[in-house]
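Structure assessment
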Amino acid sequence: MDYNVLKGTHDIIDEEAYNYSYIEEILTNIAWLYDFKEYRVPVIEKSELYQRSVGEGSDIVRKEMYTFEDKGNRLITLRPEFTAGIIRSMINSKFLVTRDLPLKAFYCGPVFRYERPQLGRYRQFNQFGIEIVGSNSYLRDVECIAFGYTALKMLGFKNLELRINTLGDKFSRENYKKALVNYFSKHINEMCNDCKERLKLNPLRILDCKVLDDQEIIKGAPLMKNYLTLDSKTRFENVLEALDIMGIPYIEDDTLVRGLDYYSDTVFEFHYTSKNGNNYGAIGAGGHYSDLVKELGGPVLSGVGLSFGIERLYNILKDDNKLQKKDKIDLYIAPIGNVDINYIMSIVFDVRNNGYSCEINLESKSITSSIKKAVRANSKYLLIIGEDEMKDGIYTLKNLETQEQLDVYEPDLIKVLDALYQEEEDKYCDLTESINELKDEEDEEDEEEIEKE
């Protein structure tokens, strides 16, 4: 019997796994710069947690959750998003009443949604995100957006487009929903079945409909900005002003609502167009929430969050040829002929313990086989240890890039590796300095040309 991965899931291995780790490392390092703390919450939670937080009117709860009854007759759900679990954790730990606020959390891990698999979209996929909980300041919304902008720039995304909107406060949304019900009721018979259901549960969801015919009707719908309270309008203006001062460009999008019912006031998405002109749509998104903490049994506190899909980031970086090549290993050791393999393994052990990546050919004593394996392993150096070399204690170290080689006394192996890598680092620093000097000269010439004009 053949065993294949389930539909909508995929294996992440070798080069792909290396780049997943690279993406996650970049995002994690930026999270530390912003003073976020890591949270790791369970993959399974009580279903009620997501029904109450995400909202029964959302597509996630209505269609996409993996829910089952466990052996204790409890209704359990595989995590469809992180925010509810993070908030639950903050409440359970009592951090929201014992720690300085706001709490700033980052997370990374798998989430599960039963939706139609397509390119870059899976039923099990990985998310990285942040949450800032315990402050209602508009500047925390701005900080969250700034994190996303910085993270994507650091990953190499250049043609970013930040789309932003406000859903207003509770009073604003109630008035707006009434206006939407009044408008869509006149057209609902012409719209899809999902929109008919959304009209009953949450008319805001209709604005996010992807059916082309429905989108034409949506264009004539009332706009949220015309139903904002003075407080909500002022808050949104403050967010935009702060982004202007920080130099983060944006586009106001009146139709942006996001797919989770707990959002209020600021919502946003990062869109990306590749250098080849491919528009990938939203590659990261988030928003502010006012009532979620209270809804889950905590104090009356606001928060804001943002998440990225790692698969989506990976696929876009791959299409744009911006992925990292897997690092070279430092040393490949080739035992040749009748040698004491146990002793050579002690050399491997010593090399690794001194911080150098190392592999050894244990399957063949052929020099040809070892060279081929070393090249395929993308090794920087090859260490040849034959019978004569073991007898004399002098090994041959070969640079597989330049084909240069030298004899190395066994006790000096680590010192030689240290010296070789230090020499490369010095050359790199010299080259970088030269490039910077050349760039400075070019900048000065450009400034002179501008002054002449």
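Here, the structure is the one placed above.
Anyway, here's the lowdown on the structure attached to this text. No experiment lies behind these values; they were computed from the predicted model shown.

What the protein contains, in helices and strands, is 16 helices and 16 strands. What you see for the protein is a C-alpha radius of gyration of 28 Å, clearly larger than the 22 Å of a compact globule of 453 residues, by over 25%. Here the protein, with 453 residues, has 47% of them falling under the buried criterion. Looking at the protein alone, contacts between residues at least 24 apart form 70% of all its contacts between residues at least 6 apart. Surface summary for the protein: the accessible area is close to 24,600 Å², and the carbon and sulfur share equals 48%. Looking at the protein, you have 57 positive and 82 negative side-chain charges, and the mean spots of the two groups are 10 Å apart.

This part takes up the sheet that holds strand 12 (residues 329-335). Strand pairing in a sheet takes place through backbone hydrogen bonds and is either antiparallel or parallel in direction. Read from one edge to the other, the open sheet built from five strands follows the order 13-12-14-15-16, with strand pairing classed as mixed. The sheet terminates laterally at strand 13 (358-360) and strand 16 (405-409), the two strands that pair on one side only. Adjacent strand axes in the sheet meet at a mean angle of 25° when their direction is disregarded. For strand 12 and strand 14 (residues 379-385), the ladder comprises six bridges, and the chain directions are parallel. Within the sheet, the bridge partner assigned to Ile329 lies in strand 14 and is Ser379. Each of strand 12, strand 13, strand 14 and strand 15 (394-399) touches helix 13 (residues 341-353); the most contacted strand, strand 13, lies at about 165° to it.

With respect to topology, three strands assemble into an open sheet ordered 2-4-3, the strand pairing being antiparallel. The strands lining the two open edges of the sheet, one partner per strand, are strand 2 (44-46) and strand 3 (67-69). With strand direction ignored, the average angle separating the axes of adjacent strands in the sheet is 35°. Relative to strand 4 (residues 75-78), strand 3 runs antiparallel, the two sharing three bridges. Looking at the pairing, Thr67 lines up with Thr77 of strand 4.

For the rest of this paragraph, the subject is the pairing of strand 16. With five bridges joining them, strand 15 and strand 16 adopt antiparallel strand pairing. The partner of Leu397 across the bridge, within strand 16, is Leu406. Taking the residues that link successive antiparallel strands as the turn, the strand 15-strand 16 hairpin has five residues, and the phi of Gln403 there is positive, at about 70°.

A few words on the nonpolar core. Judged by nonpolar contacts, the single largest core of 48 residues is most densely connected at Ile86, Ile87, Met90, Leu96, Phe184, Met191 and Leu207. Breaking this core down by element, the ones donating at least two residues are helix 2 (47-53), helix 4 (83-92), strand 5 (103-112), strand 6 (124-133), helix 7 (170-184), helix 8 (193-201), helix 9 (212-218) and helix 11 (292-295). Counting residues per element, this core draws most heavily on helix 4, at five residues. For Met90, the residues in contact, after removing those within four places along its chain, are Tyr39, Phe95, Leu96, Leu103, Ala105 and Val133.

Another aspect to go through is the pattern of salt bridges. Counted by the stated rule, this structure contains 16 salt bridges. Where Glu48 meets Arg52, a salt bridge forms, and the shortest distance between an N and an O atom there is 4.0 Å. Of this pair, Glu48 and Arg52 are both found in helix 2, four residues apart, which corresponds to roughly one turn of the helix. For the salt bridge of Glu143 with Arg140, the shortest nitrogen-to-oxygen distance reads 2.7 Å. Placement of both Glu143 and Arg140 in helix 6 (residues 138-155) is noted, with a separation of three residues, approximately one turn of the helix. By relative accessible area, which is 18% here, Glu143 ends up buried. What you see here is one network of salt bridges that share partners, running through Glu48, Arg52 and Glu295.

The subject of this paragraph is the side chain of Ser232. Mapping Ser232 onto the fold places it in helix 10 (residues 230-246). Assessed through its relative accessible area of 3%, Ser232 is described here as buried. A distance of 3.4 Å separates polar atoms of two side chains, one belonging to Ser232 and the other to Asp265. If sequence neighbours within four positions are ignored, Ser232 has contacts with Gly168, Asp169, Ser172 and Asp265.

Here we take up helix 7. Under the 1.5 Å per step criterion, the end-to-end length of helix 7 is 21 Å for 15 residues, consistent within 8% with the ideal 21 Å. Within the sequence span of helix 7, burial applies to Ser172, Arg173, Tyr176, Ala179, Leu180, Tyr183 and Phe184. Projected down its long axis, helix 7 carries its buried residues within an arc of 125°, all on one side. Opposite the buried face of helix 7, at more than 90 degrees from it, the exposed residues are Lys170, Phe171 and Lys178.

The next point concerns the pairing of strand 14. Counting buried positions along strand 14 yields seven of seven residues, so the element is predominantly enclosed. Pairing between strand 14 and strand 15: four bridges, direction antiparallel. Within the sheet, the bridge partner assigned to Leu382 lies in strand 15 and is Lys398.

Tallied over the full model, the rule gives 17 aromatic pairs. With 5.7 Å between their ring centres and 40° between their planes, Tyr176 and Tyr227 make a pair best called tilted. Taken together, the residues span a long stretch of sequence, with Tyr176 in helix 7 and Tyr227 in the loop between helix 9 and helix 10 at a distance of 51 residues. We classify Tyr176 as buried; its relative accessible area is 2%. Accessibility expressed as a relative area gives 30% for Tyr227, which makes it partly exposed.

Parameters and conventions
Residues numbered from 1 in each chain as written. Predicted model: local features only at pLDDT ≥ 70, side-chain atom pairs only at ≥ 80, totals over all residues. Heavy atoms only, no water. Helix = DSSP H or I, 4+ residues; strand = E, 2+ residues; numbered from the N terminus. Rg over C-alpha atoms; globule rule 2.2 N^0.38 Å. Buried < 20%, exposed > 50% of the residue type's maximum accessible area, 1.4 Å probe, protein only. Contact = heavy atoms within 4.5 Å. Areas by Shrake-Rupley, 256 points an atom, 1.4 Å probe, with all protein chains shown as cover. Lys, Arg positive; Asp, Glu negative; His and termini not counted. Charge placed at Lys NZ, Arg CZ, Asp CG, Glu CD. Pairing = 2+ DSSP bridges. Axes fitted to C-alpha atoms, helices over the stretch in contact; angles between N-to-C directions. Core = buried A, V, L, I, M, F, W, Y, C linked by side-chain atoms within 4.5 Å. Salt bridge = Lys/Arg side-chain N within 4 Å of Asp/Glu carboxyl O. Polar contact = N/O pair within 3.5 Å; in protein donor to acceptor, adjacent residues only side chain to side chain. Expected span 1.5 Å × (residues − 1). Arc of directions from axis to C-beta. Phe/Tyr/Trp six-rings, centres within 6.5 Å; stacked < 30°, edge-to-face > 60°.

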